[in-house]
Amino acid sequence: MTKSETLFTAAQQVLPGGVNSPVRACRAVGTYPRFLQAGKGSRVTDVDGHDYIDLICSWGPLILGHAHPAVEEAVVEAAKNGLSFGAPTEIEVEMAQLVCRMSGMEMVRMVNSGTEAVMSALRLARGATGRSKIIKFAGCYHGHSDSMLVKAGSGALTGGAPDSAGVPQEMAADTLTATYNDAASVRTLLEANHGQVAAVIVEPVAANMGVVPPQPGFLEALRGLCDAFGALLIFDEVITGFRLAAGGAQSYYGVRADLVTYGKIIGGGMPVGAYAGSRKLMEQVAPLGPVYQAGTLSGNPVAMAAGLTQLRILDQNPDVYTKLERLGQRLQTGLEDAFLSARIPARVNRVGSVLTVFFTGKPVTGYDQARSCDLQRFARWYRGLLDHGIYAAPSQFEAMFLSAAHTAEEIDQIIAAAREIAKTL
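Presented here is a report on the structure given in the accompanying data block. Bear in mind that the values here come from a model prediction, so they are computed numbers and not experimental data.

Things to note about the environment of L386
Structurally, the position occupied by L386 is in helix α14 (residues 375-387). When its relative accessible area of 8% is taken as the criterion, L386 is described as buried. Along the chain, L386 and H50 lie 336 residues apart, while their C-alpha atoms are 9.8 Å from each other. With residues near it in sequence (within four places) discarded, L386 still touches R34, Y52 and Y391.

Below, the structure written as structure tokens:
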């Protein structure tokens with residue numbers, strides 16, 4: 001028995017399912033989780049000494065790779081002055097200024113996770129509009145707050161339970177579900193609930209039913225519908241923020257949101273989240289306005305040091321995004337060729353450095369198509385990657401992430417492995 005297997009057995013006695021986040025249990029892919037102990041650049045090492053090319057990158061935040069020297073140094077220096085104060089610090093002001101400048105927003109509030117950011121943004125939308133209903137999209141995941149666990153993606157979809165127990169019916173009743181990439185479904189809900197919808201929340205690139213890009217005109221249509229019906233448009237950029245471009249999906253697609261939620265990258269690997277918007281909206285938040293939200297660890301100086309350092313590097317080095325696009329295109333093309341050569345029906349959806357392999361012969365443009373994929377074939381694919389020293393997402397409904405630390409040679413190594421694995425699928 002490997003050390004990872006031993007640890008997993010022990011973990012199951014004290015942690016639900018042996019993990020602190022459901023997808024990590026690897027149940028959907030028929031194996032056990034590899035317990036990691038170190039990461040450097042584009043690679044991670046597990047407790048058994050196995051080295052892997054990492055295609056998870058902590059689910060996205062490590063856009064510069066593991067243990068980037070500048071980020072590490074910033075964290076160490078910040079920790080020397082104390083881990084937490086529960087009081088304002090200079091670095092959170094610098095962080096807020098940079099986030100606002102890069103995102104084009106006027107004000108931002110730091111929180112501790114993407115879930116908290118979304119929960120807070122929804123409360124603000126309801127408080128600002130005086131309306132109670134929210135429109136989300138089937139298969140889009142916005143954290144595990146009660147009102148968002150309706151037709152959710154990510155771990156909820158992986159586990160076969162898109163609706164969570166413990167969510168009161170009263171909470172779910174105010175969450176309306178539309179079809180991603182179908183603006184007409186949004187219009188129908190807005191018309192049927194006229195004057196009651198506070199906001200439409202969307203992942204501008206769906207990444208929790210696997211990566212599903214917005215069809216041309218979809219985001220623009222949402223903007224127009226929200227304006228026409230007096231609802232706010234919320235972009236959940238926990239995954240896309242500062243990864244697709246320095247200004248996130250807003251600048252990548254040229255569509256402005258009223259509120260934006262962030263996570264992942266702005267912590268540089270540390271737990272953090274944020275929500276941002278116009279001054280008029282954000283001044284509705286306490287202590288200036290009636291919408292209450294607070295957090296002892298919000299703006300934590302160590303997390304701010306990591307995030308600020310990483311964002312500054314991205315802001316000052318736009319060539320990072322050029323490199324990531326080039327690597328992403330190389331990997332997508334190579335994977336598609338590998339599956340085509342083996343006559344395996346598969347689609348590789350990609351936006352920039354975020355991609356998913358779907359085992360289906362049909363285009364995947366939404367929730368229903370994603371759910372119809374061959375999950376058993378995906379499980380074999382995942383285990384094949386592990387055997388070839390490649391650490392990827394253990395779910396058909398998650399994304400693979402590239403970092404600036406990955407090299408063209410490593411991408412070619414992944415493609416070569418894909419060719420071998422495809423022969424066995």
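Now that the structure has been shown, the text picks up again.
Looking at the side chain of N300
Among the structural elements, N300 can be located in the loop between α10 (279-282) and α11 (301-316). Within the structure, the side chain of N300 is placed 2.8 Å from the backbone oxygen of L83, a separation counted as a polar contact. Once residues within four sequence positions are removed from consideration, N300 is found in contact with L83 and S84.

Side note on helix α7 (residues 183-192)
Of the residues making up α7, those classed as buried are S185, V186, L189 and L190. Down the axis of α7, the buried side of the element spans an arc of 135°, and every buried residue falls inside it. Near the N-terminus of α7, the side chain that reaches the backbone nitrogen of A184, with its oxygen 3.2 Å away, is that of D182.

Observations concerning helix α1 (residues 3-14)
Between the first and last C-alpha of α1 there are 17 Å, a value that for 12 residues agrees with the 16 Å anticipated at 1.5 Å per step. Along α1, the positions that sit buried rather than exposed are S4, F8 and A11. Seen end-on, α1 carries its buried residues on one side only, within an arc spanning 65°.

Re the nonpolar core
By size, the foremost hydrophobic cluster in this structure holds 97 residues, and its most contacted members are F137, L311, L335, F339 and W381. The element that contributes the greatest number of residues to this core is helix α12 (residues 319-341), accounting for eight residues. When neighbours within four sequence positions are excluded, F339 is seen to be in contact with I344, A346, V348, V357, F359, W381, A422 and L425. Judged by nonpolar contacts, the second largest core, of 20 residues, contains V118, A121, A199 and V285.

Things to note about the sheet that holds strand β14 (residues 400-401)
Reading across from one edge, β11-β12-β14 is the order of the three strands in this open sheet, with antiparallel pairing throughout. Edge strands, defined here as strands with exactly one partner in the open sheet, are β11 (347-351) and β14. In terms of strand pairing, strand β12 (residues 354-358) meets β14 through two bridges, oriented antiparallel. From the neighbouring strand, V354 faces β14, where its bridge partner is F401. α12 contacts β11, β12 and β14 of the sheet and is inclined by roughly 175° relative to β11.

About the criteria used
Residues numbered from 1 in each chain as written. Predicted model: local features only at pLDDT ≥ 70, side-chain atom pairs only at ≥ 80, totals over all residues. Heavy atoms only, no water. Helix = DSSP H or I, 4+ residues; strand = E, 2+ residues; numbered from the N terminus. Buried < 20%, exposed > 50% of the residue type's maximum accessible area, 1.4 Å probe, protein only. Contact = heavy atoms within 4.5 Å. Polar contact = N/O pair within 3.5 Å; in protein donor to acceptor, adjacent residues only side chain to side chain. Arc of directions from axis to C-beta. Expected span 1.5 Å × (residues − 1). Core = buried A, V, L, I, M, F, W, Y, C linked by side-chain atoms within 4.5 Å. Pairing = 2+ DSSP bridges. Axes fitted to C-alpha atoms, helices over the stretch in contact; angles between N-to-C directions.

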